[in-house]
Amino acid sequence: VQTVREDRPVAEEAARLLRQRAEAGGSKLFLEGMTRDEALALATEARSPQSRPAGGPTRPDRGRAPASTAEPAATEPVELPASYEGLRSEALSCTRCRLAETRTQVVFSDGAADARLVVVGEAPGANEDATGLPFVGAAGRYLDLLLACVDLSRKESVYICNVLKCRPPGNRNPLPDEIEACSPFLTGQLELVAPKALLAVGTFAAQALTGIQRPLGKLRGEVHAYQGIPLVVTYHPAALLRNPGWVRSFWDDLQLLRTVMDER
Ligand code: URA
């Protein structure tokens, strides 16, 4: 694998993962239409000033319950539509919080609605806000590459969504009341997709799904449960792009996830 000089560590980490995968007996790699050059180009985008590591600062402990049991916003009782399409169309016209005023599009999900794995991220960024699809920027393409290393793809086996369905202006951190207002959509998605396993990427997703307000480093490395579904938490791909040394830990988390999924 060639490397792009200024981002050599990221490309080298990706190359190392691919070698490990080959050594572990993997003979196939699905890159979701990503060419080798596109995969390597991830490295050049890796340090764009827009990308903000979501595995970084932790919100203060708000004593919040997991998304599954969180109290709805007091002013607005929530009744979830029973169907997936109903939930999606309600989300697409949502005005439950201030983000409705600044978003371009609601970013509901991507991937198969009968997926075996649901990946939950933080919130849409600029690319996602423009396209209406989650994880389509540099971090998303890196996520696709890493998932491909364990034969998972959003075309076939993965459903991807975020804690927040609308972009916070300037990619700021989600605010507690925004997470609260949006949580019925995430709860509904997880209920309706009913995957075999969950992967939370980044602090916000990890805390929302575990209900534990601890730093990511203290949550990863074990299998949690969300409504009886095994849940693995790991670093956000944007954080990996900035901290290539964390890729090894991400890889370990992916192996844990793979083991959990193979058992079910
Ligand atoms: N980061 C996220 O957490 N989600 C996206 O959809 C894109 C970037």
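A few points on the structure. A quick note: this is a predicted structure, and the numbers were derived from the prediction, not measured.

Here the focus is the overall build of the chain. If you tally the helices and strands in the chain, you get eleven helices and six strands. For the chain, the residues scored as buried account for 52% of the 264 residues in total. Considering only contacts in the chain between residues 6 or more positions apart, those separated by 24 or more positions represent 78%. If you sum the accessible surface of the chain, you get close to 11,500 Å²; carbon and sulfur atoms cover 50% of it.

Next up on the list: the packing of aromatic side chains. Throughout the structure, instances matching the rule amount to three aromatic pairs. A ring pair is formed by Tyr-84 and Tyr-159, whose centres lie 6.2 Å apart and whose planes are at 75°; its orientation type is edge-to-face. On the criterion of sequence distance, the pair formed by Tyr-84 in helix α3 (residues 84-92) and Tyr-159 in strand β3 (residues 158-162) is long-range, its members being 75 residues apart. Accessibility classification places Tyr-84 together with Tyr-159 in one group, the buried group. Note on Tyr-235 and Trp-246: the rings are 4.5 Å apart at their centroids and 25° apart in plane angle, and the pair reads as stacked. Of this pair, Tyr-235 sits in the loop between β6 (229-234) and α10 (237-242) while Trp-246 sits in the loop between α10 and α11 (247-263), placing them eleven residues apart in sequence.

This next bit is on the site of the ligand. All residues adjacent to the ligand are Gly-121, Glu-122, Ala-123, Glu-128, Pro-134, Phe-135, Asn-162 and His-236. Taking Phe-135, its main chain carries an N or O atom lying 2.9 Å from an oxygen atom of the ligand. The separation between a nitrogen atom of the ligand and a polar side-chain atom of Asn-162 is 2.8 Å. Relative to its unbound accessible surface of 230 Å², the ligand loses 90% to contact with the protein. For the shell around the ligand, the residue count by class is three nonpolar, three polar and two charged.

Moving on: helix α6 (residues 138-148). The element α6 is largely enclosed, with a buried count of ten among its eleven residues. Within α6, burial applies to Ala-138, Ala-139, Gly-140, Tyr-142, Leu-143, Asp-144, Leu-145, Leu-146, Leu-147 and Ala-148.

Cut-offs used in this document
- Residues numbered from 1 in each chain as written.
- Predicted model: local features only at pLDDT ≥ 70, side-chain atom pairs only at ≥ 80, totals over all residues.
- Heavy atoms only, no water.
- Helix = DSSP H or I, 4+ residues; strand = E, 2+ residues; numbered from the N terminus.
- Buried < 20%, exposed > 50% of the residue type's maximum accessible area, 1.4 Å probe, protein only.
- Contact = heavy atoms within 4.5 Å.
- Areas by Shrake-Rupley, 256 points an atom, 1.4 Å probe, with all protein chains shown as cover.
- Phe/Tyr/Trp six-rings, centres within 6.5 Å; stacked < 30°, edge-to-face > 60°.
- Near = heavy atom within 4 Å.
- Polar contact = N/O pair within 3.5 Å; in protein donor to acceptor, adjacent residues only side chain to side chain.
- Nonpolar A, V, L, I, M, F, W, Y, C, P; charged D, E, K, R; others polar.

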